[in-house]
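Residue-level listing of the chains:
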Amino acid sequence: MANTTLTADVIAKEALVILDNDLTVIKTMHRAYEEEYSSKVNGYLKGDTISIRRPADFTVRSGATLSTQDVTEGKVTLTVDQQIGVDFQFTSVDLTLRIEDLSERVIKPAMSNIINYMTADLLTQMYRGTYNYVGTPGTRVTTFAGFSKAPERLDEMAVPQDERVSYMCPNDYWGLVGGQTALYSDDLIADAYKTGNIKNVGGVGTMMSQVTPTHTVGPLGGTPLVNGAAQNVTYDTAKNSWSSSLITDGWTAAAASRVVVGDVFTIANVFMVNPKTKATTSILQQFVCTAAGSSDGSGNLTLTVSPPIITSGPYQSVNAAPADNAGLTFVGTAATGYRQNMAYHKNAMALAMVPLEMPPAAYGGARKSYKDMSLRVIPIYDGTNDISKWRLDLLYGRKLIDPRLTTRFGGT
């Protein structure tokens, strides 16, 4: 077979094929906004940030009397600001290798690292903004009953039942696989026992991810309490951030770090409401810290939490504002790490991969797009050492656009 000359175009095409084949969790993200970045206004590109409208919500009128409602639209911004890549080099002798050899020796490992980096980054961004948590942190998922807590919480949140997916760390995934082999179902047993593939469980596409992130709970300390009643806000003030402040005290009386981004807690007697009817449920509303927080010397700390504490109207999130001195209970043990399994609807997380500009001086470079994925390859020749260096780049943005469509879960 004749040798294939390795140009940037060939490397870009080969890398995209490998990227497409290896995208698993990444394929479950919403990808509807990439075209916005390539469109122009008055001949100019729109820039690196676009705004996404939050869906409108309403309350239902009872009776015949007209009762109009203001339509207040919030937004969330998606910014393409993550440039990642892998750089490698060949001698002139290497450049006569067949493309198959290059693919196995260089491109495949490079793309594998890029994909795993992207996946870990996306999953970390997702879990840190997710406030729903079911199951017990650190308890292995081994049964359908344990796993089903995740789709059950999605149902409680009125999440659409189509396009639900989940990822689990290897320990929990194989724990669930082992649990299915004892069931009396030929098809399910065959898949679980022979291939380790459990596919759809409880209406949720289920997969394993080796890069499932670990969340280490903040240092905590003391007995945190709500400091002051009536700490609720309106949707108009929280419509873009989907968060609000919560003044607390009772922490250990020292100026020190107490909470980290991603910590989840409940407040005594503050319950979740049905997203559609606004009726109070028996489930304590969970909140996630969206910013790290440190106490002062008196044990006071103002938390930034999501969802915002909204007690009425179409965007109501809780049954009532927390009472003064209501206790806070955090999920997990202080300073302890837990793997963050997730179940979510596809529209919860947005991913945009955008073609990088080709610099005018980048002679011989190539930029290829395939199935909404874009890759740029630029060669750089070192004439002194007769070495061809190559840089392989991707540009993307990611955003958790609707945390109401997600939940973390552990075993029971």
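Scroll up to find the structure.
Residues numbered from 1 in each chain as written. Predicted model: local features only at pLDDT ≥ 70, side-chain atom pairs only at ≥ 80, totals over all residues. Heavy atoms only, no water.

## A short note on empty space enclosed by the protein
So, point 1. If you walk through the whole model with that rule in mind, you get 1 cavity of 30 Å³ or more.
So, point 2. In this structure, the largest cavity encloses a volume near 60 Å³.
So, point 3. Forming the boundary of the largest cavity are Tyr133, Pro137, His215, Val217, Gly262, Asp263, Val264, Val331, Tyr338, Gln340 and Arg408.
So, point 4. Residue composition of the lining of the largest cavity, grouped by class: 6 nonpolar, 3 polar and 2 charged. (1 Å grid on protein atoms, 1.4 Å probe; cavity = no way out; pocket = protein on both sides within 12 Å on 5 of 7 lines; lining within 4 Å. Points joined across faces, edges and corners; volume = space filled by probe spheres on them. Nonpolar A, V, L, I, M, F, W, Y, C, P; charged D, E, K, R; others polar.)

## Quick notes on the sheet that holds strand β7 (residues 200-201)
The strands making up a sheet associate through backbone hydrogen bonding, with each pair oriented either parallel or antiparallel.
So, point 1. Ordered by their spatial adjacency, 6 strands build an open sheet running β5-β24-β19-β6-β8-β7, and the pairing between neighbours is mixed. On the outer flanks of this sheet lie β5 (133-134) and β7, each paired with one strand and no other.
So, point 2. The pairing of β7 with strand β8 (residues 204-208) spans 2 bridges and is antiparallel. Across the sheet, Asn200 pairs through a bridge with Gly205, a residue of β8.
So, point 3. Packed onto the sheet, helix α5 (residues 149-156) meets β5, β6 (164-168), β8, β19 (341-345) and β24 (406-409) and runs at close to 150° relative to β24. (Pairing = 2+ DSSP bridges. Helix = DSSP H or I, 4+ residues; strand = E, 2+ residues; numbered from the N terminus. Contact = heavy atoms within 4.5 Å. Axes fitted to C-alpha atoms, helices over the stretch in contact; angles between N-to-C directions.)

## Focus: the nonpolar core
So, point 1. The biggest cluster of nonpolar side chains holds 60 residues, and the ones touching the most others in it are Leu19, Met29, Tyr344 and Leu392.
So, point 2. The biggest single contributor to this core is helix α3 (residues 99-128), with 10 residues.
So, point 3. Not counting chain neighbours up to four residues away, the residues in contact with Met29 comprise Leu122, Leu123, Met126, Tyr344, Lys346, Met349 and Leu351.
So, point 4. Ranked by size, the runner-up nonpolar core spans 20 residues in total, among them Val259, Ile309, Ala326 and Phe330. (Core = buried A, V, L, I, M, F, W, Y, C linked by side-chain atoms within 4.5 Å. Buried < 20%, exposed > 50% of the residue type's maximum accessible area, 1.4 Å probe, protein only.)

## Considering the environment of Ser306
So, point 1. Residue position: Ser306 is located in strand β16 (residues 301-306).
So, point 2. Under the relative-accessibility criterion, Ser306 is labelled buried at 4%.
So, point 3. When the C-alpha atoms of Ser306 and Val288 are compared, they prove to be 5.4 Å apart, with 18 residues separating the residues in sequence.
So, point 4. In contact with Ser306, other than residues within four places in its own chain, are Tyr131, Trp242, Ser243, Gln286, Phe287, Val288 and Thr290.
So, point 5. At 2.8 Å, the side chain of Ser306 and the backbone oxygen of Trp242 are in polar contact. (Polar contact = N/O pair within 3.5 Å; in protein donor to acceptor, adjacent residues only side chain to side chain.)

## Comments concerning the pattern of salt bridges
So, point 1. The full count for this structure, using the stated rule, is 8 salt bridges.
So, point 2. Of the charged contacts, one joins Glu152 and Lys149 as a salt bridge, the two residues approaching to 3.9 Å between their closest N and O atoms. Here the residue Glu152 and the residue Lys149 both occupy positions in helix α5, the gap between them amounting to 3 residues, near one helical turn.
So, point 3. Among the residues examined, Lys149 registers a relative accessible area of 34% and is labelled partly exposed.
So, point 4. The network of salt bridges with common partners includes Arg376, Arg391 and Asp393. (Salt bridge = Lys/Arg side-chain N within 4 Å of Asp/Glu carboxyl O.)

## What about unusual backbone geometry?
So, point 1. Cis peptide bonds are those with omega within 30 degrees of zero, and the linkage from Ser306 to Pro307 qualifies with 5°.
So, point 2. Mapped onto the elements, Pro307 comes out in the loop between β16 and β17 (328-330).

## Remarks on the environment of Pro109
So, point 1. Looking at the secondary structure, you find Pro109 in helix α3.
So, point 2. When the C-alpha atoms of Pro109 and Val86 are compared, they prove to be 9.9 Å apart, with 23 residues separating the residues in sequence.

## Considering the packing of aromatic side chains
So, point 1. Summed over all chains, the structure comprises 8 aromatic pairs.
So, point 2. Taking the centre distance of 5.6 Å and the plane angle of 85° together, the rings of Phe147 and Phe409 count as edge-to-face. Linking Phe147 in helix α4 (residues 144-147) with Phe409 in strand β24, this pair joins segments that are 262 residues apart in sequence.
So, point 3. Of the residues examined, Phe147 reaches a relative accessible area of 0% and is grouped as buried.
So, point 4. A centroid spacing of 3.5 Å and a plane angle of 5° characterise the contact between Tyr235 and Tyr315, whose relative ring orientation is stacked. One end of the pair, Tyr235, is in helix α8 (residues 235-238); the other, Tyr315, is in the loop between β16 and β17, and 80 residues separate them in sequence. As far as the burial class goes, Tyr235 and Tyr315 line up, both buried.
So, point 5. Of note, Arg404 hangs over the ring of Trp242, and the distance from its end group to the ring centre comes to 5.7 Å. (Phe/Tyr/Trp six-rings, centres within 6.5 Å; stacked < 30°, edge-to-face > 60°. Lys NZ or Arg CZ within 6 Å of the ring centre and 35° of its normal.)

## Examining the sheet that holds strand β14 (residues 280-289)
So, point 1. With antiparallel pairing, 6 strands are arranged side by side in an open sheet as β10-β11-β16-β14-β13-β17. Edge positions in the sheet fall to β10 (222-226) and β17, since each of these pairs with one other strand and no more. Neighbouring strand axes in the sheet, compared pairwise and without regard to direction, differ in orientation by 50° on average.
So, point 2. In this sheet, β16 lies alongside strand β11 (residues 244-251) in antiparallel orientation, the contact comprising 5 bridges.

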